[in-house]
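# Secondary and tertiary structure notes
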Amino acid sequence: MADVPSTARVLEHRLCGAAYRASPNCDERASPQDLALIVIHNISLPPDSFDAHPDAPDGSYIDDLFLNRLDPAAHPYFAGIAELRVSAHLCIFRDGSIRQYVPFDRRAWHAGASEWRGRTRCNDFSIGIELEGSDFRPFTDAQYAGLIETIKALLAAYPTLTRDAIAGHSDIAPGRKTDPGPHFDWPRLRTALGASA
């Protein structure tokens, strides 16, 4: 996995320094210039486990889910999700390394039924960032560093994105989703970005 440098940049809708693994779970945005929201999620497969993929040292079960190759027999939990067709633009792993699955000008399938400031279908106008984690454990310093540099790069590349338009999945799908969860340090992120509460 590649590390994102402290001066992260976006070129041709990809984050420089992030390993790229193309997910088929995406499509065209109705308006590619309509980027108005960054959504932060958490994901761990199996739940609350951060072990490397036993059959692919350079891979993860997160990759397998987003690339439609998750083996339903590899873990009991996987049987219920192996057929899902989901993705995110990015995932920031526990060590701070980042993978990109969908270019930012395409619609990743990360938000589901959702609403933000009166607009529904948040996939249409958002960038989805997964953090390898769960609702039950703190995220790592390396993840915060990667997330902060990534968001700064996105804000610089896409003027329609603003520091006050960053939400958790739970904010856009309340009652249905809980991530990024109670351990996510929103004040830390907002202070680093110079954003209001």
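Parameters and conventions
- Residues numbered from 1 in each chain as written.
- Predicted model: local features only at pLDDT ≥ 70, side-chain atom pairs only at ≥ 80, totals over all residues.
- Heavy atoms only, no water.
- Salt bridge = Lys/Arg side-chain N within 4 Å of Asp/Glu carboxyl O.
- Helix = DSSP H or I, 4+ residues; strand = E, 2+ residues; numbered from the N terminus.
- Buried < 20%, exposed > 50% of the residue type's maximum accessible area, 1.4 Å probe, protein only.
- Axes fitted to C-alpha atoms, helices over the stretch in contact; angles between N-to-C directions.
- Parallel < 35°, antiparallel > 145°, perpendicular 65-115°, else oblique.
- Left-handed = near helix turned anticlockwise from the far one by under 90°.
- Contact = heavy atoms within 4.5 Å.
- Nonpolar A, V, L, I, M, F, W, Y, C, P; charged D, E, K, R; others polar.
- Core = buried A, V, L, I, M, F, W, Y, C linked by side-chain atoms within 4.5 Å.

On to the pattern of salt bridges, then. Once the charged atoms of two side chains with opposite charge are near each other, the side chains can pair. Taken as a whole and assessed by the stated rule, the structure comprises 11 salt bridges. A salt bridge links Glu28 to Arg106, with the shortest nitrogen-to-oxygen separation between them at 2.3 Å. A residue pair is termed long-range when its members are at least 10 positions apart, and Glu28 in strand β4 (residues 26–28) and Arg106 in strand β8 (residues 106–108) qualify at 78 residues. Between Arg69 and Asp64 there is a salt bridge, with its nearest N and O atoms 2.7 Å apart. Residue classification places Arg69 among the partly exposed positions, given a relative accessible area of 47%. Members of the salt-bridge network, linked through shared partners, are Asp27, Arg107, Arg121 and Asp124.

Turning next to the packing of helix α2 (residues 141–157) against helix α4 (residues 186–193). When two helices pack together, their arrangement is given by the angle between the helix axes and the distance between those axes. Remark: α2 packs on α4, axes separated minimally by 10 Å, with the N-to-C direction vectors making an angle of 40 degrees. One finds that α2 runs oblique with respect to α4. Crossing of α2 against α4: the hand is right-handed. For the pair α2 and α4, contact is made by Asp141, Tyr144, Leu147, Ile148, Ile151 and Lys152 and by Arg188, Leu189, Ala192 and Leu193, respectively. Of the residues belonging to the contact of α2 with α4, the class tally is 7 nonpolar, no polar and 3 charged.

Further remarks concern the nonpolar core. Counting 30 residues, the largest nonpolar core has Leu15, Ile129, Leu147, Ile151, Leu154, Phe184 and Leu189 as the members making the most contacts within it. Elements with a minimum of two residues in this core: β5 (37–43), β6 (90–92), β11 (126–132), α2 and α4. With 7 residues, the top contributor of residues to this core is α2. Leave out the neighbours within four places in its chain, and Leu189 touches Ile40, Leu147, Ile148, Ile151, Ile166 and Phe184. Grouped together as the second largest cluster of nonpolar side chains are 16 residues, Ile43, Tyr61, Val102 and Ala108 included.

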